[in-house]
Amino acid sequence: MRFGKVLTIATLCTAFFGSVGTAAAQQGVTSSEVRFAQVAALEGPAAALGTGMNLGLKAAFEEVNRAGGVAGRKLVLEAFDDGYEPAKSIEQTRGVIEKDAHLALIGPVGTPTSAATQPLATAAGWPFIGPFTGAGFLRDPRLGNVFNLRASYDAETETWIRLLVDERAHKRIGILYQDDAFGRAGLKGVEAALGRRGLSPVARGAYTRNTLAVKAALLDIRRAGAEAVVMVGAYKPVAEFIRVSRKIEFTPDLVTISFVGTDALVGELGRDGAGVIISQVVPYPMDTATPVVARYTEALKAVAPEAHPSFISLEGYLVGRLAIAGLEAAGPQLTRESYLAALKGLTDVDIDGLVLHFGENDNQGLDEVFLTQISPEGTIAPLAPDAPDAADCAPQGAGG
């Protein structure tokens, strides 16, 4: 009888602790690992953005894994392709949430896809970490589960107009934009920045997402006599716009957004991209004199020796480091709820000298915007020093 009682107690204990372990595993947490899910474009015209973010995230995760992980747990990243299409992104995100086999969503790519999936993550109480977009709606501090790394599109567009109007004295600015939430966010930012200077775009040209149908927009912008054109789009249609502009000898100043994917754009254009200005939201990834860039470079080599440093994978790496800072703050008793609380409690996150600043009404870590330019040799470099200080270009409250 006594032996029977011991067996019963042992069975009950096993059942209890087993259920606890299963619950943790269902949130992507076990005693040995933590799993994150990335839903992003891995194929199609925006694939370089999703795969670049994925590479940077893996570099950060494998770096900490080589040091033993966080609280003894190794970090695992699983990626799910959404093709940069909102409907597919919803399908993939719902699948991830329903399976409950990951701790958080990390590194999503794009405004229209994030607009479709962020509400799902918010409703389910899932952390939504480091979206590759500067859309303003994600910077609403009431979204307690969203943690942004990069500056907002409003900050980028203000930087463009400061350069083109205030420094270069252009008055006739045209805009090419993707006809969706992403492009319209950029259009709104450009219109606001011009409006602060008593101006408005001389032409607005749109194209359909995941197409190269930019010719009609280009011809409209040229007919309007634009002295400069700002472009809010992905790298393939933006490259097409620039290539056709060169062919028809339309030579305004050309500026495009960080989301374009710098290396992908340079790869598409080569020397044809000479003079194109690209705004950036992370430091120059070839400047290994900067401690965080030096560490990123070593982490990148460790996971992909053939890969070249890039703005996209550096951003992914920094997002990975932000996720790790949250894990460290959450401690060993890790659940999705404790992780979310830890992320909310982050204030200043020092990543090898690059400090991310968060606060009660600020869910965005970085505010700086940097300007770069494609050289005549088809390489990318910081814009010449006579350009305005991009760090000073964001309007009050931009990105925050």
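Data block above holds the structure.
Worth saying up front: this structure is predicted, and the values here are computed from it rather than measured. (Residues numbered from 1 in each chain as written. Predicted model: local features only at pLDDT ≥ 70, side-chain atom pairs only at ≥ 80, totals over all residues. Heavy atoms only, no water.)

Undergrad: What is the right way to read the pattern of salt bridges from this model?
TA: Opposite charge on two side chains makes pairing possible when the charged atoms of those side chains draw close. In the structure shown here, the tally under the stated rule is 23 salt bridges. Its salt-bridge partner being Glu-63, residue Arg-295 comes within 2.9 Å of it at the nearest N-O pair. Of the two residues, Arg-295 sits in helix H10 (residues 291-303) while Glu-63 sits in helix H2 (residues 47-66), which places them 232 residues apart along the sequence. Accessibility expressed as a relative area gives 15% for Glu-63, which makes it buried. Arg-209 is paired through a salt bridge with Asp-180; the nearest N and O atoms lie 3.0 Å apart. Here Arg-209, found in the loop between strand S7 (203-207) and helix H7 (215-223), pairs with Asp-180, found in the loop between strand S6 (173-178) and helix H6 (181-195); they are 29 residues apart in sequence, far enough to count as distant. The same class applies to Arg-209 as to Asp-180, namely buried. Here the salt bridges do not stand alone but share partners, grouping Glu-63, Arg-295, Arg-321 and Asp-352 into one network. (Salt bridge = Lys/Arg side-chain N within 4 Å of Asp/Glu carboxyl O. Helix = DSSP H or I, 4+ residues; strand = E, 2+ residues; numbered from the N terminus. Buried < 20%, exposed > 50% of the residue type's maximum accessible area, 1.4 Å probe, protein only.)

Undergrad: Explanation requested: the packing of aromatic side chains in the structure shown.
TA: Centre distance and the angle of the planes are the two values used to describe a pair of aromatic rings. The tally for this structure, following the rule as stated, stands at eight aromatic pairs. Between Phe-182 and Phe-259 the ring centres are 4.6 Å apart and the planes differ by 50°, which places this aromatic pair in the tilted class. Taken together, the residues span a long stretch of sequence, with Phe-182 in helix H6 and Phe-259 in the loop between strand S9 (253-256) and helix H9 (262-269) at a distance of 77 residues. For the pair Phe-182 and Phe-259, a shared accessibility class is recorded, and that class is buried. Each member of the aromatic cluster is reached from another via a ring pair, and the members are Tyr-84, Phe-132, Tyr-153, Phe-182 and Phe-259. Positioned over the ring face of Phe-132 is Arg-150, at 4.5 Å from the centre of the ring. Positioned above the aromatic ring of Trp-126, the side-chain terminus of Arg-336 is 4.0 Å from the ring centre. (Phe/Tyr/Trp six-rings, centres within 6.5 Å; stacked < 30°, edge-to-face > 60°. Lys NZ or Arg CZ within 6 Å of the ring centre and 35° of its normal.)

Undergrad: Explain the nonpolar core to me, please; I cannot follow it from the model alone.
TA: When a protein is soluble and globular, its nonpolar side chains tend to lie buried together. By size, the foremost hydrophobic cluster in this structure holds 111 residues, and its most contacted members are Phe-36, Ile-129, Phe-259 and Tyr-339. No other element matches helix H11 (residues 311-330), which puts 12 residues into this core. (Core = buried A, V, L, I, M, F, W, Y, C linked by side-chain atoms within 4.5 Å.)

Undergrad: What is the right way to read unusual backbone geometry from this model?
TA: One can expect most non-glycine residues to show negative phi and most peptide bonds to be in trans. Phi is positive for Asn-210, which is not a glycine, with a value near 65°. Taking the relative accessible area as the measure of exposure, Asn-210 reaches 25% and is therefore partly exposed. Phi is positive for Glu-249, close to 60°, though the residue is something other than glycine. Topologically, Glu-249 is positioned in the loop between helix H8 (235-247) and S9.

Undergrad: I'm lost on the sheet that holds strand S1 (residues 33-40) in this one. Help?
TA: In spatial order, the strands read S2-S1-S3-S4-S5; together these five strands make up an open sheet with parallel pairing. Two strands bound the open sheet, and with one partner strand each, they are strand S2 (74-81) and strand S5 (146-147). Bridge count between S1 and strand S3 (residues 104-106): two bridges; the pairing is parallel. Note that in S3 the partner of Phe-36 across the bridge is Ala-104. (Pairing = 2+ DSSP bridges.)

Undergrad: Honestly, the environment of Val-214 in this entry has me stumped. Any pointers?
TA: Mapped onto the elements of the fold, Val-214 is located in the loop between S7 and H7. Linking Val-214 and Glu-240, residues 26 residues apart in sequence, is a C-alpha distance of 7.2 Å.

Undergrad: Is there a simple way to think about the pairing of S7 in this case?
TA: Along a regular strand, successive side chains alternate from one face of the sheet to the other. Of the two faces of S7, the one lined by Ala-203, Gly-205 and Tyr-207 is fully buried and the one lined by Arg-204 and Ala-206 carries no buried residue. Where S6 lies against S7, five bridges are found, and the strand directions are parallel. Opposite Tyr-177, over in S7, you have Ala-206 as the bridge partner.

Undergrad: Help me understand the sheet that holds S9, please; the structure alone is not making it clear to me.
TA: In a beta sheet, neighbouring strands are held together by backbone hydrogen bonds and run either parallel or antiparallel to one another. Strand order across the open sheet formed by seven strands is S7-S6-S8-S9-S10-S13-S14, with mixed pairing between neighbours. The strands lining the two open edges of the sheet, one partner per strand, are S7 and strand S14 (380-382). In this sheet, adjacent strand axes meet at a mean angle of 25° when their direction is disregarded. In this sheet, strand S13 (residues 370-374) lies alongside strand S10 (residues 277-280) in antiparallel orientation, the contact comprising four bridges. (Axes fitted to C-alpha atoms, helices over the stretch in contact; angles between N-to-C directions.)

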